[in-house]
Amino acid sequence: MTATPEDPTSTPATGPATDLHAVCVQHVWAFWLLIMVLFSLVVALTAGLAESLAGAGLLTVLRSGGTGFATAVGLCMAAVPAVRELRKRR
């Protein structure tokens, strides 16, 4: 039995449900991106505070905070494709 154009199972799903799913995926990604940036900001502030309490100068504190932020963002962004790959293998 071949699928005919009138058969609803033979055509891809388009419509409000598909559009709503795409919008929700975008909002979820924006939410996770916000969480990653806020987490990285906490790491940067902690690293800068630790350097400051150790008696380092302003430039060293800023460099330490920037390094902590960049490292945390990089690890968070690298975790997303790693988790996707692990989910595919199940």
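### Points about the pattern of salt bridges
By the definition in use, this model includes one salt bridge. Across the pair Glu-85 and Arg-89 runs a salt bridge whose closest N-O atoms are separated by 3.8 Å. According to the relative accessible area criterion, Glu-85 is partly exposed, its value standing at 37%. A relative accessible area of 65% means that Arg-89 is categorised as exposed.

### A closer look at the side chain of Ser-64
Positionally, Ser-64 belongs in helix 2 (residues 58-88). Classification of Ser-64 as buried rests on a relative accessible area of 18%. Among residues more than four places away in sequence, those in contact with Ser-64 are Ala-47, Gly-48 and Glu-51.

Conventions adopted
- Residues numbered from 1 in each chain as written.
- Predicted model: local features only at pLDDT ≥ 70, side-chain atom pairs only at ≥ 80, totals over all residues.
- Heavy atoms only, no water.
- Salt bridge = Lys/Arg side-chain N within 4 Å of Asp/Glu carboxyl O.
- Buried < 20%, exposed > 50% of the residue type's maximum accessible area, 1.4 Å probe, protein only.
- Helix = DSSP H or I, 4+ residues; strand = E, 2+ residues; numbered from the N terminus.
- Contact = heavy atoms within 4.5 Å.

That's the geometry; what it means functionally is another story.
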